Structure formats: structure tokens, C-alpha cells
Amino acid sequence: MVFWRQPQQTLVRRTIFQIHLWIGIAIGIYIILISVTGSIVVFRRDLSQWKLGNVPAGEAVGQRMTEEDIRELALRKYPGWEITGVGIPRRRLSPVEVTLVKDGQTIGHRFNPYNGAYMGEAYPTSIRVMEWLVDLHDNLLAGERGRQANAVGGGLLVVLCLSGLVIWWRGAGNWVKGLYFAPRSSWKRMNFDIHSAVGFWSLPILLLWGVTGVYFAFPEPFVAIVNYFEPLELATGSRRGDDPAGPPGDRASQGRVASEIRPGRPGREPAGRGRTD
């Protein structure tokens, strides 16, 4: 087999090289966009805890302020505004949210229900920007169509990885050289070797990224594959909350529910505020 020993001159490798090259050019900006937004989005929970955190446990002492006290406090801080709503939480450490209106402008602010301390905006700009970035990362700001476009990008990334693996192969006697680069080589050689080595060592995570991008838009084939190898009717035991569509033991109902689940970002609320209680 020529490809196994000396792949460089084969038509297969030259063809795959062109595929790899042009896919890389086509989705290069897309990969940078998803990488940057994904790196920011991982801090979404931390931002929510910082901006929309709970009342410190040490301050949750004694009786809560009444709604009338909260209204008076808010109007002192925002004179001339009209209060349209006061959200009294049930949880002990959750702040009170007050909605105010003036000249057509609506604002929301949070207060400590125990001592009346101001706790910031109910929906601050930083949270809005973060949720915009989440939507950009997940859906490209285009809803379901954007998520499907992400699936196309994920599929192309998978093709890029597999074609890159074919190009990486240097033959049975030289494949080890693809695991590192020689710093004393010419800049062209070193550039190719760095690209080859980094691509090889990052292949698992890049493949996972591409496959999950497809999964989030089209989960049904993946669910079908999992159900084929581990059918729900063969599962033993159950946990509380695992059976939303039928009585205990109704595996058919569970199967229908599993096939209808649409994946989303863990912990993400459907819309609105990313508050934590």
C-alpha cells in the first residue's frame, strides 16, 4: 500500500489536502467566533453569582421588611418614580425586586429584605451582554436556524479533523515526526510541523466540539443510537423525577419523553434574567 508507506505523492492525500485547506479557510472565522464567545460564556454562572447573588447569610437575621417598608425605601432612593411591582421572594436569602416606571422608562432594582440595603440592578447591563453572547454562541442570534447553522459548522469541523488526520500521516516509518516539531527547521517547515503537531494533540477535543455542535441541533439520531445500545425498557431501577410522562415503570412514556427533549445550556433559563436564588 503506497499510502501506508509514502502517502505524500498519492492522489488521495492531495485531494484530501485541498478539502482540508478550503474547509479551514471557509470556517476559520467561525471557529474563532465560537472559541472566543465560548471562552467568555463559561463565566456566565460566576457573573450571575456576582451581579445577582443572594443576600449574605450573616445579614439574613430577624424579620423581613414589609412590602410597605420596601416601597417607601425604593421611593426614597428613586423619588418621582412610580412602583409597578414588588417581588417578595419565598426563599430566605433571595433579595426583593422592585420595578419602577417613569416617563415610559422601566427599571428594576434589588434590595436586602432584612436591612433595606441596595443590591444593584435586577437585570444589569453585564448580564444582558452575557446573555447576548450566549445566544450568539448557541444560536448565532438566529434562533433555531442559527443552531442548525452551528450544526453545519460542527459537521465541517469534524471533516476538517478527519482530513487533517489523513494529512498528518507521514508514512509507517516517519509518523513519529508528526508528534513534535524541530525548532531548527526552516520557518515553512516549522510552521507545517507546529500545525501538524498541535492539530494531532488537540484532535480529541476538536472532534468532541464538532460532534456536540451537531448534537445540539439534531439530537434525535444520537438518542436513537443510545437507545439502540441501551434500550430504556431494559433499564432497571428508577430515580425520583425520571418519569415525568407516565406512572413508575412506564418505559414507553419515558422513551417518548427522551426523544422529545431538546438539549440546551445547563442551568440556562428560557428567557429573561439569569438570577440565582
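This text follows the structure it describes.
Residues numbered from 1 in each chain as written. Predicted model: local features only at pLDDT ≥ 70, side-chain atom pairs only at ≥ 80, totals over all residues. Heavy atoms only, no water.

Enquirer: For the overall build of the chain, give the residues involved together with the corresponding values.
Expert: If you tally the helices and strands in the chain, you get 10 helices and 4 strands. Written out in order from the N terminus, the α and β elements of the chain read α-α-α-α-β-β-β-β-α-α-α-α-α-α. By the burial criterion, 33% of the 277 residues in the chain qualify as buried. Residue pairs at least 24 apart in sequence account for 62% of intrachain contacts in the chain once pairs closer than 6 positions are excluded. Looking at the chain as shown, the accessible area adds up to about 17,800 Å², and 62% of this sits on carbon and sulfur atoms. (Helix = DSSP H or I, 4+ residues; strand = E, 2+ residues; numbered from the N terminus. Buried < 20%, exposed > 50% of the residue type's maximum accessible area, 1.4 Å probe, protein only. Contact = heavy atoms within 4.5 Å. Areas by Shrake-Rupley, 256 points an atom, 1.4 Å probe, with all protein chains shown as cover.)

Enquirer: Got a sec to walk through the layout of surface pockets? Specific residues and values, please.
Expert: Considering only enclosed or pocket space, the largest pocket measures out at about 620 Å³ in volume. Lining of the largest pocket is provided by 23 residues; of these, H20, L160, G164, H195 and G199 occupy positions nearest its centre. Elements represented by at least two residues in the lining of the largest pocket include exactly α2 (11-41), α6 (143-168), α7 (187-201) and α8 (203-217). Considered class by class, the residues forming the lining of the largest pocket number 15 nonpolar, 8 polar and no charged. (1 Å grid on protein atoms, 1.4 Å probe; cavity = no way out; pocket = protein on both sides within 12 Å on 5 of 7 lines; lining within 4 Å. Points joined across faces, edges and corners; volume = space filled by probe spheres on them. Nonpolar A, V, L, I, M, F, W, Y, C, P; charged D, E, K, R; others polar.)

Enquirer: Now, about unusual backbone geometry: what can you tell me, with residues and values included?
Expert: What you tend to see is this: most non-glycine residues have negative phi, and most peptide bonds are trans. For D103, which is not a glycine, the phi torsion comes out positive at approximately 55 degrees. With respect to the helices and strands, the residue D103 is situated in the loop between β2 (96-102) and β3 (105-111). Here D103 falls in the exposed class, since its relative accessible area comes to 77%. The residue L140 is not glycine, and still its phi comes out positive at about 55 degrees.

Enquirer: Now, about the pairing of β3: what can you tell me, with residues and values included?
Expert: Where burial is concerned, most of β3 is hidden: 5 out of the 7 residues are buried. Pairing analysis gives 7 bridges linking β2 to β3, with the strands arranged antiparallel. Residue pairing in the sheet places V96 in a bridge with F111 of β3. Remark: 2 residues form the turn of the hairpin made by β2 and β3, two consecutive strands paired antiparallel; D103 in that turn has positive phi of roughly 55 degrees. (Pairing = 2+ DSSP bridges.)

Enquirer: Quick one: what's the story with the nonpolar core, residue by residue and with numbers?
Expert: Counting residues in each nonpolar core, the largest one holds 12 residues, listed as I70, L73, A74, Y78, W81, I83, V86, V96, V98, L100, I107 and F111. Sorting the residues of this core by element identifies α4 (67-77), β1 (82-87), β2 and β3 as the ones contributing at least two each. Contacts of F111, omitting those with residues within four sequence positions, involve L73, A74, K77, P95, V96, V98, G116, A117, Y118 and M119. In terms of nonpolar packing, the next biggest core, distinct from the first, is built from 9 residues, I27, I31, I34 and C161 among them. (Core = buried A, V, L, I, M, F, W, Y, C linked by side-chain atoms within 4.5 Å.)

Enquirer: A description of the side chain of R170 should follow, citing residues and the corresponding values.
Expert: Tracing the chain through its elements places R170 in the loop between α6 and α7. On the accessibility criterion, R170 (12% relative accessible area) is buried. Polar side-chain contacts of R170 include one of 2.8 Å to the side chain of D193. Sequence-distant contacts of R170, that is, excluding residues within four places in its chain, are made with R5, P7, Q8, W175, K177, G178, R189, F192, D193 and S196. (Polar contact = N/O pair within 3.5 Å; in protein donor to acceptor, adjacent residues only side chain to side chain.)

Enquirer: Please provide a residue-by-residue account of α2, values included.
Expert: The end-to-end C-alpha distance of α2 is 43 Å, a good match for the 45 Å that 31 residues give at a rise of 1.5 Å each. Where α2 bends most, the angle comes to about 50 degrees, and this point is I27. Of the positions making up α2, those classed as buried are R13, I16, H20, I23, I27, Y30, I31, I34, T37, G38 and V41. Lining the buried residues of α2 we find α1 (2-5), α3 (44-51), α5 (125-139), α6, α7 and α8. (Expected span 1.5 Å × (residues − 1). Bend = angle between axes of the 7 residues up to and from the residue.)

Enquirer: How would you explain the pattern of salt bridges if you had to name every residue and give the values?
Expert: All chains considered together, the criterion is met by 5 salt bridges. Of the charged contacts in the structure, one is a salt bridge between R170 and D193, with a shortest N-O distance of 2.8 Å. Remark: D193 occurs in helix α7 and R170 occurs in the loop between α6 and α7; sequence separation between them is 23 residues. In the salt-bridge network here, residues are joined through shared partners; they are R170, R189 and D193. (Salt bridge = Lys/Arg side-chain N within 4 Å of Asp/Glu carboxyl O.)

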